[in-house]
Amino acid sequence: MIKYLENENFDEVIANKKILVDFYADWCGPCKMMGNVLENVDFIDVLKVNTDMHPELAQRYGVMSIPTLIVFENGMVKNQTVGFKDIETLKEFIK
């Protein structure tokens, strides 16, 4: 399931579960390609964070390039990668 961060508290959304966070921007070509892949993800919840709307979160997690994908487990960073990933690479990254 894909969810977009809006008015929720980020820390509450990522707490107590495993979740993939996609830091993206609407104007980013590789982000759009990554978005198409994420629409087919059914093995983990996905939270999309627009870096233009939430620059403080991008800064907190050291996001310098987009798309940046971060796996959180119980609120802690477990893995992080930058750039487009196909579905098979994504599955390996999330393990």
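Above: the structure in question.
Sequence order as written defines residue numbering, which begins from 1 separately in each chain. Residue-level local features of this predicted model are given only where pLDDT is at least 70; pairs of side-chain atoms are given and counted only at 80 or more, and the full residue set underlies all totals for whole chains, interfaces and linings. Side-chain metrics in this entry use all non-hydrogen atoms of the structure; hydrogen atoms and water are not considered.

### Remarks on the state of the cysteines
Here's step 1: When the sulfur atoms of two cysteines come within 2.5 Å, that pair is taken as a disulfide. Considering all chains together, one arrives at one disulfide under this definition.
Here's step 2: Between C28 and C31 runs a disulfide, and the two sulfur atoms are separated by 2.4 Å. Judged by the sign of its S-S torsion, about 75°, the bond between C28 and C31 is right-handed.
Here's step 3: Only protein chains enter the accessibility calculation, which uses a 1.4 Å probe; a residue whose area is less than 20% of its type maximum is buried, one above 50% is exposed, and one in between is partly exposed. On the accessibility criterion, C28 (4% relative accessible area) is buried.
Here's step 4: Take C31: its relative accessible area is 3%, and that puts it in the buried class.

### Comments concerning unusual backbone geometry
Here's step 1: Of the consecutive residues I66 and P67, the connecting peptide bond is found in the cis state with omega at 0°.
Here's step 2: Put simply, DSSP marks the helices as runs of H or I at least four residues long and the strands as runs of E at least two long, and each gets a number from the N terminus on. Among the secondary structure elements, P67 is positioned in the loop between α3 (55–60) and β4 (68–73).
Here's step 3: One non-glycine residue with positive phi stands out, namely N16, at about 65°.
Here's step 4: If you trace the backbone, N16 turns up in the loop between α1 (10–14) and β2 (18–24).
Here's step 5: For N16, a relative accessible area of 69% translates into the label exposed.
Here's step 6: For N74, which is not glycine, the phi torsion reads 55° and is therefore positive.

### Points about helix α4 (residues 87–94)
Here's step 1: L90, F93 and I94 are the residues of α4 that are buried. Down the axis of α4, the buried side of the element spans an arc of 95°, and every buried residue falls inside it.
Here's step 2: Note on contacts: a residue pair qualifies if any of its non-hydrogen atoms lie within 4.5 Å across the two residues. In this structure, the buried side of α4 is in contact with β2, α2 (29–38), β4 and β5 (76–82).
Here's step 3: Here a polar contact is taken to be a pair of N or O atoms separated by no more than 3.5 Å, where protein atoms must pair a possible hydrogen donor with a possible acceptor and residues adjacent in sequence count only if both atoms sit in side chains. Of the residues flanking the start of α4, the one acting as N-cap is D86, its side-chain oxygen 3.2 Å from the backbone nitrogen of E88. Within this analysis, the arc is defined by the directions that extend from the helix axis to the C-beta atoms.

### What about the pattern of salt bridges?
Here's step 1: We define a salt bridge as a contact between a side-chain nitrogen of Lys or Arg and a carboxyl oxygen of Asp or Glu at a distance within 4 Å. Applying the stated criterion across every chain yields a total of six salt bridges.
Here's step 2: Between D22 and K48 there is a salt bridge whose closest N-O contact spans 2.5 Å. Here K48 lies in strand β3 (residues 45–50) and D22 lies in strand β2, a separation of 26 residues in the sequence.

### A short note on the sheet that holds strand β1 (residues 2–4)
Here's step 1: Only strands joined by at least two bridges in the DSSP assignment are considered to pair. Strand order in the open sheet made by the five strands is β1-β3-β2-β4-β5, with mixed pairing throughout. Edge strands, defined here as strands with exactly one partner in the open sheet, are β1 and β5. With strand direction ignored, the average angle separating the axes of adjacent strands in the sheet is 25°.
Here's step 2: Inspection of the sheet shows β4 paired to β5 by six bridges, in the antiparallel sense. Opposite V71, over in β5, you have N79 as the bridge partner. Lines fitted to the C-alpha atoms define the axes, with helices restricted to the stretch that makes contact. Angles between their N-to-C directions range from 0 to 180 degrees.

Any functional reading would require information beyond the geometric quantities listed.
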